[in-house]
Amino acid sequence: MRRLDASVPVWGLATLTLVLLMGLPLVWLVTLSVSGEHGVSLQHYVAAVRDLPLRRALWNTLVMAFWTGVVSVAIGAPLAWLTARTDLPGRRLLRALVMASFVTPPFLGAVAWVMLAGPNAGALNKLWRAVTGADTPAVNIFTMTGLVFVVALYTFPYVYVMIGNTLELIASDVEDAAAMLGAGRFTVARTVTLPLVAPAILSGYIVSVLQALALFGSPAILALPAGFHTLTTQVWGMFHYPPRVEMAAAVAMPLLVTTALLLTLQRRLLGRRGYVAVGGKGGARRRIPLGAWRYPAVVFCLLVVASAVFLPYGILAKAAFSRAWAQPLTWDNLTLRHWTFTFFEYSATQSAIVNTLELGVLTASVGAALAALLAYIARRRAVVGHQLVGFLALSPIAIPGVVLAVALFIAYTRPPLILYGTLWILFVAYVTKEMPVGYAQSDATFRAIPAELEEAGRILGAGRLRVLGEITAPLARSGVIAAWCFIFIGVIRELSASIILFTPDTKVMSVVIFDLKEEGQFGAIAVLGLFMIAMTLVVVVAMERVFGRDFMGGRE
Amino acid sequence: MKVVTLLLLAVLTAASPAAAQDARVDAARKEGKLVWYTSLALPSAEKVAKLFEARYSGIKVEVHRTGSQRILQRVMQELQANIKNVDVIHTSDAGHYVLLKDKKLLLKYTPAGADRFPPGFKDKDGYYYGLRATVNVIAYNTKVVPAAEAPKTWKDLLAPKWKGKLVTAHPGYSGVIATHVLALSHLLGWDYFKALGQQSVMIVQSAVDPSGVVASGERPVAVDGGDYTFYQSKKAGNPVEIVYPKEGVPLVVSPTAIAAFSSRPNAAKLFTDFTFTKDVQQVLADSEGLYTGHPDVTYPADKPKLGDLKLLSVDAEELEKRSEEIKRRFVEFFGA
């Protein structure tokens, strides 16, 4: 049965692309981290371990990432279950609002929360003082708790989507079986549904943790003013003149190892069990009536979407139209100045918008296609070393964007391929960086498509590529569209690699916003941020309309 | 007779500086644009660029505004990749120009009229000139802090009552602040910063930002920042008052220079000359509240004269040499 298959070159090419894409920065990273003045040396590791501020930053990073994961699951899992499996009122709206939170770049959320919960000028604290007459602020966003809160607000949608997509695939008949045997509805949820979504929860947790580990913008905006660092802000500082790139590479290695361990752990915990109960066949999905529980459920959802969407966008809208964002919105304070400045006077705006759009569409298209192909290869064990495919595709999540950027910077500022100074280096960075998300989404998609459908096709004599095209692709279509949207949004949100790799001609919107933040130009940030979100929504909604699928996992 | 006059006029015109100027402008127009890496506050920088574009149609100014230290990083990082993008480099860290000059990255060029500027605005070798100046000050929010209780001196900021009320910008971002830290370390010693670091100071990046933080009331008192940023904020109607401490105020002269590797040298020279004209220097003084080295510029009546202030200057060479130390100590004292 081992005849030559036309699909082999396709698998080979995709795998080779992956190896080059992921391998090159990894090799550079390792090489640089052990390079001394006289050949191989561990001096950078020694220096990093001895550096007290770095050890503190590492600890802060781990604390932040751990809790971000916990909070993200605590928010995302119930929300996903409520949307997918219960008769919660306003489910469609809820899903749309979670999507709004998902497309919000974390750094934009962080800026908004500075205006909301800064201890003195923050709108919520002012309200708190006015209402209670208290002297002290209710919340201080410039703390570790504040940081975790804001990061989780924009990370939980990962969990939400992963669990939501899985829940959509669990047929109600397994749950019905349990119910017929006399289990109450919450017992069903706990003993049947929960174990079935456990892999998605764990994956969601891991993705949240890894997102938080690599995050740069939010710590730069919320931690630095409070006088504490995370690893990414420290690493970023190492690229200021005179650069200490080797040290940065050494500091990145523990993160890489942590990720490898987390992924191995995930595999150990989930790998051997079969989850085909989450299958393509099967019957209808019925909704669980919430009864009186609907009230606390609605309050919980409202709190989440208010924190992630209503309040931040409210304060951004206010800042966009007021001379002084911290003052009440009176006629005197009203102005269009920020809009005219941002679009007509600030010369960086227009080219940044064009660059961002170009990169977003290009990266999403190439990235989604590649991710789908790779996930398929790994799932169906199409090449030798398919186990490595998954690891490689997921590995960039362990490399903080800044470090990835420097590896790429070094790799692509010298022959044979000089990409620095062009949009292509950002493209390569984005494809690499977004691969884990695209891959995870595609992997979940293929996991849910039982191999027997394809086997049926093969038995009837179709080649692998034909099976892929005629059976797998239609089944996977919505998953691939979802991956496209994920990647597109990821590119729009991207800051940490862009901040190293841009040149003035290749600035993207996130970099422009970060520049503005460092100068404290809240009005212009608000204008550009609102525009950015509107742009993202238009593109994502257009994709949905064209391909007929709500990428956040709805089927209504 | 008339003909002779006309002829004479024609000859005179042809040989006049105006004609030479025209040739320069034409050469600059052929280059079409110039790239300006600048640490001048964004709205001010865009204003200067728009003035230039209005004066010389067909030559676009690409403004790339960020902090002084980021600009140096960008220039060096791009050079390492052999990208020659920048034409005019303007930061607030005079030390940068010592470094860039040593590395032979600056074009020797004296902007028209800059020879009349005071010595503190001129490089002795003629590579860079001070485009503008500011002094670092204390500022406070008048809604939160009554004038009588406001800090009057740098050392007043160390009083326990200011704990958690202060904001500083960062020398790792801003040349204005790097200069400030060095100048005050001479005057008050590092112990001053060590003690200040114990005050739970909020840390922002740009020397422009403390003015925004104080205006919003997030922190009522700024321990540094260019006086022009507070001046603008005050003019815009914010409840901000400026204190010029009697112990002395660090003077920051922000140089500008043309990159030796500039691929648009004519546009770069034209633009540099333009920024040193009395008109532009007067704009910097009037609407931005900056000080300049131009001897003919007049200042708003509500700004103190530089001559009336006790100025603390730093040596550019020392600033260059101790740049790392300044940043390291700041991070040690303030945490980030």
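Remember, predicted model here, so these are calculated numbers, not experimental data.

A separate point is the overall build of chain A. Within chain A one finds 24 helices and two strands. Expected size for 556 residues packed as a compact globule is a radius of gyration near 24 Å; at 24 Å, chain A falls within 12% of this value. Here the C-alpha coordinates of chain A stretch approximately 75 × 70 × 45 Å along the principal axes. Within chain A, the proportion of its 556 residues that are buried is 53%. Of the contacts made within chain A by residues no fewer than 6 positions apart, 79% connect residues no fewer than 24 positions apart.

Okay, the overall build of chain B next. From N to C terminus, chain B includes 13 helices and twelve strands. In terms of overall size, chain B behaves like a compact globule, its C-alpha atoms giving a radius of gyration of 22 Å where 336 residues would be expected to give roughly 20 Å. The principal-axis extent of the C-alpha atoms belonging to chain B is close to 80 × 45 × 30 Å. Buried residues in chain B amount to 53% of all 336 residues. Taking the intrachain contacts of chain B between residues at least 6 apart in sequence as the baseline, contacts between residues at least 24 apart amount to 79%.

Residue and element names in this part refer to chain A. It is the contact of helix α18 (residues 401-411) with helix α19 (residues 423-448), at a shortest axis distance of 10 Å, that shows an interaxial angle of 135 degrees. As far as their axial angle goes, α19 and α18 are oblique. Both α18 and α19 take part in a crossing whose hand is right-handed. Each of Gly 401, Leu 404, Ala 405 and Leu 408 in α18 lies in contact with α19, whose residues at this interface are Ile 425, Val 428, Ala 429, Thr 432 and Lys 433. Of the residues in the contact of α18 with α19, the class split is six nonpolar, two polar and one charged.

It is worth spelling out the domain arrangement of chain B at this point. Residue and element names in this part refer to chain B. Segmenting chain B into domains produces domain 1 (2-132 + 253-301) and domain 2 (135-251 + 310-334). Inter-centroid distance (C-alpha atoms) of domain 1 to domain 2 is 29 Å. Each side of the interface is counted separately: domain 1 has 19 residues, and domain 2 has 21 residues. Sorting the residues of the side of domain 1 that touches domain 2 by element identifies α4 (68-80) and α5 (94-102) as the ones contributing at least two each. With five residues, the single largest contributor to the side of domain 1 that touches domain 2 is α5. For the side of domain 1 that touches domain 2, a count of residues per class yields seven nonpolar, nine polar and three charged.

So, on to the environment of Leu210(A). Residues and elements named next belong to chain A. Structurally, Leu 210 is set in helix α10 (residues 185-214). Classification of Leu 210 as buried rests on a count of 26 C-beta atoms within 10 Å. In this structure the C-alpha to C-alpha distance between Leu 210 and Ala 292, which are 82 residues apart in sequence, comes to 37 Å.

Each partner contributes residues to the interface: chain B has 44 residues there, and chain A has 31 residues. Taken together, the elements giving at least two residues each to the side of chain B that touches chain A come down to α3 (42-55), β2 (60-65), α4, β8 (202-203), α8 (209-216) and α13 (323-334) of chain B. Element by element, the count of residues in the side of chain B that touches chain A is highest for α4(B), at six residues.

This paragraph deals with the sheet that holds β8(B). Residue and element names in this part refer to chain B. Sheet architecture is open: five strands sit in the order β8-β7-β9-β6-β10, paired in mixed fashion. Only two strands of the sheet have a single partner each, and these edge strands are β8 and β10 (240-243). Here strand β6 (residues 138-141) runs beside strand β9 (residues 221-222); their pairing, made up of two bridges, is antiparallel. Within β9, the residue paired with Ala 139 across the bridge is Ala 222.

What follows deals with helix α6 (residues 175-188) of chain B. All names here are of chain B. The first and last C-alpha atoms of α6 sit 20 Å apart over 14 residues, in line with the 20 Å expected at 1.5 Å per residue. Extensive coverage of α6 is indicated by the burial of ten of its 14 residues. Inspection of α6 places Gly 175, Val 176, Ile 177, Ala 178, Thr 179, His 180, Val 181, Leu 182, Ala 183 and Leu 184 among the buried residues, and these make up the whole buried set. Of the residues flanking the end of α6, it is Gly 189, one or two places downstream, whose phi is positive at about 85 degrees.

Turning next to the confidence of the model for chain A. Of all residues in chain A, 94% have pLDDT values of 70 or greater, and the mean over the chain is 86. For chain A, helix α13 (residues 245-270) of chain A is the element with the lowest average pLDDT, namely 76, and helix α7 (residues 144-153) of chain A is the one with the highest, namely 98.

The next point concerns the environment of Val361(A). Residue and element names in this part refer to chain A. The topology assignment puts Val 361 in helix α16 (residues 348-379). The partly exposed category is assigned to Val 361, around which 14 C-beta atoms lie within 10 Å. When the C-alpha atoms of Val 361 and Ala 110 are compared, they prove to be 26 Å apart, with 251 residues separating the residues in sequence.

Residue and element names in this part refer to chain B. Burial along β6 is two-sided: the face carrying Ile 138 and Tyr 140 and the face carrying Ala 139 and Asn 141 are both buried. One ladder, built from four bridges, connects β6 with β10; its direction is antiparallel. Residue pairing for β10: Ile 138 is matched across the bridge by Val 243.

A separate point is the confidence of the model for chain B. Mean pLDDT for chain B: 93, with 95% of residues reaching 70 or above. This prediction of the complex comes with two scores: 0.89 for pTM and 0.89 for ipTM.

Attention now goes to the packing of α16(A) against helix α17 (residues 386-394) of chain A. All names here are of chain A. Where α16 meets α17, the axes come as close as 8 Å, and the angle between the chain directions of the two elements is 140 degrees. Where α16 crosses over α17, the handedness of that crossing is left-handed. Here Leu 374, Ile 377 and Ala 378 of α16 come into contact with α17, specifically with His 386, Val 389, Gly 390 and Ala 393. Partitioning the contact of α16 with α17 into residue classes produces five nonpolar, two polar and no charged.

Attention shifts here to unusual backbone geometry. Residues Tyr241(A) and Pro242(A) are joined by a peptide bond in cis, for which omega reads -10 degrees. By the element assignment, Pro242(A) lies in the loop between α12 (231-237) and α13. Residues other than glycine seldom take positive phi values, yet Lys104(B) does so here, at roughly 60 degrees. Its identity is not glycine, yet Ser200(B) carries a phi of approximately 50 degrees, on the positive side. Mapped onto the elements of the fold, Ser200(B) is located in the loop between α7 (190-197) and β8.

The rules behind the values
Here the residue numbers are simple positions, counted from 1 along each chain's written sequence. For naming, the first written chain is A and the first written ligand is 1, with later ones following in the order written. Residues qualify for local features only when their pLDDT is at least 70, as the model is predicted, and side-chain atom pairs are given and counted only at 80 or more; totals for whole chains, interfaces and linings, by contrast, use all residues. Per the convention used, a helix needs a DSSP run of H or I reaching at least four residues, while a strand needs a run of E reaching at least two, with both numbered from the N terminus. Restricting the calculation to C-alpha atoms gives the radius of gyration, and the globule rule supplies 2.2 Å times the number of residues raised to the power 0.38. For the exposure call, what matters is how many other C-beta atoms sit within 10 Å of a residue's own: 20 or more marks it buried, 12 or fewer exposed, and in between partly exposed, using C-beta atoms placed from the backbone. Any two residues are considered in contact once their C-beta atoms, placed from the backbone, lie within 7 Å. Orientation is described by axes fitted as lines to C-alpha atoms, over the contacting stretch for helices, and by angles from 0 to 180 degrees between their N-to-C directions. The scheme is simple: roughly parallel for angles under 35 degrees, roughly antiparallel for over 145, roughly perpendicular for 65 to 115, oblique for anything else. Here a crossing is called left-handed whenever its near helix is offset anticlockwise from the far helix by less than a right angle, and right-handed whenever the offset is clockwise. Residues are sorted three ways: Asp, Glu, Lys and Arg are charged, Ala, Val, Leu, Ile, Met, Phe, Trp, Tyr, Cys and Pro are nonpolar, and all the rest, Gly among them, are polar. Each domain's extent is set by a domain assignment, obtained either automatically or from a database. Two strands form a pair only when DSSP identifies at least two bridges running between them. Helices are assigned an expected span. That span is 1.5 Å times one less than the residue count. As a per-residue measure, pLDDT tells how confident the predictor is, with possible values from 0 to 100.

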